[in-house]
Amino acid sequence: MRYSNTFLMLLIVASIIVLLFLNLVLGSVSIPLPSVWHIIFGSGDEPVTWQNII
């Protein structure tokens, strides 16, 4: 029973992270996934508008 609770919690956390990225990528301003990744980790020079949104 304990392992199923741990698995469920990991599944919920992973789902939240995936849905957060999908929300950023598919929101009202379409920002490509690699650009979101670069903005979050500070590698790359993406438009300032996208950086402000993220």
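Provided above is the structure to which this section pertains.
The following refers to the structure shown. Values in this document were obtained by computation on a predicted structure and should not be read as measured data.

### Some thoughts on helix 2 (residues 33–41)
Residues lying three or four places apart along an α-helix face the same way, a consequence of the helix completing one turn every 3.6 residues. Residues of helix 2 that are buried: Ser35, Val36 and Ile39. Within helix 2, the buried residues cover an arc of 100 degrees as seen down the axis, which keeps them to one side. For helix 2, the exposed residues lying more than 90 degrees away from the buried face are Pro34 and Phe41. As for helix 2, its buried residues are in contact with helix 1 (2–26) and helix 3 (48–53). Positive phi shows up at Gly42, right after helix 2, with a value of about 70 degrees.

### Some thoughts on the side chain of Ser35
By the secondary structure assignment, Ser35 is in helix 2. For Ser35, a relative accessible area of 9% corresponds to the buried category. Setting aside chain neighbours within four positions, we find Ser35 in contact with Glu46 and Trp50.

### A few points about a nonpolar patch on the surface
Residues Phe7, Leu8, Met9, Leu11, Ile12 and Ile16 make up a contiguous nonpolar surface patch of roughly 610 Å² in combined accessible area. Along the chain, Ile16 turns up in helix 1.

### A word on the packing of helix 1 against helix 2
Where helix 1 meets helix 2, the axes come as close as 9 Å, and the angle between the chain directions of the two elements is 115 degrees. In terms of their interaxial angle, helix 1 and helix 2 are classed as roughly perpendicular. Crossing of helix 1 over helix 2 shows right-handed handedness. Residue-level contacts link Phe21, Leu24 and Val25 of helix 1 to Leu33, Val36, Trp37 and Ile40 of helix 2. A breakdown of the residues in the contact of helix 1 with helix 2 according to their chemical character gives seven nonpolar, no polar and no charged.

Scoring rules and cut-offs
- Residues numbered from 1 in each chain as written.
- Predicted model: local features only at pLDDT ≥ 70, side-chain atom pairs only at ≥ 80, totals over all residues.
- Heavy atoms only, no water.
- Buried < 20%, exposed > 50% of the residue type's maximum accessible area, 1.4 Å probe, protein only.
- Helix = DSSP H or I, 4+ residues; strand = E, 2+ residues; numbered from the N terminus.
- Arc of directions from axis to C-beta.
- Contact = heavy atoms within 4.5 Å.
- Patch = residues over 30% accessible without salt bridge, like charges linked within 9 Å, V, L, I, M, F, W, Y side chains within 5 Å.
- Areas by Shrake-Rupley, 256 points an atom, 1.4 Å probe, with all protein chains shown as cover.
- Salt bridge = Lys/Arg side-chain N within 4 Å of Asp/Glu carboxyl O.
- Axes fitted to C-alpha atoms, helices over the stretch in contact; angles between N-to-C directions.
- Parallel < 35°, antiparallel > 145°, perpendicular 65-115°, else oblique.
- Left-handed = near helix turned anticlockwise from the far one by under 90°.
- Nonpolar A, V, L, I, M, F, W, Y, C, P; charged D, E, K, R; others polar.

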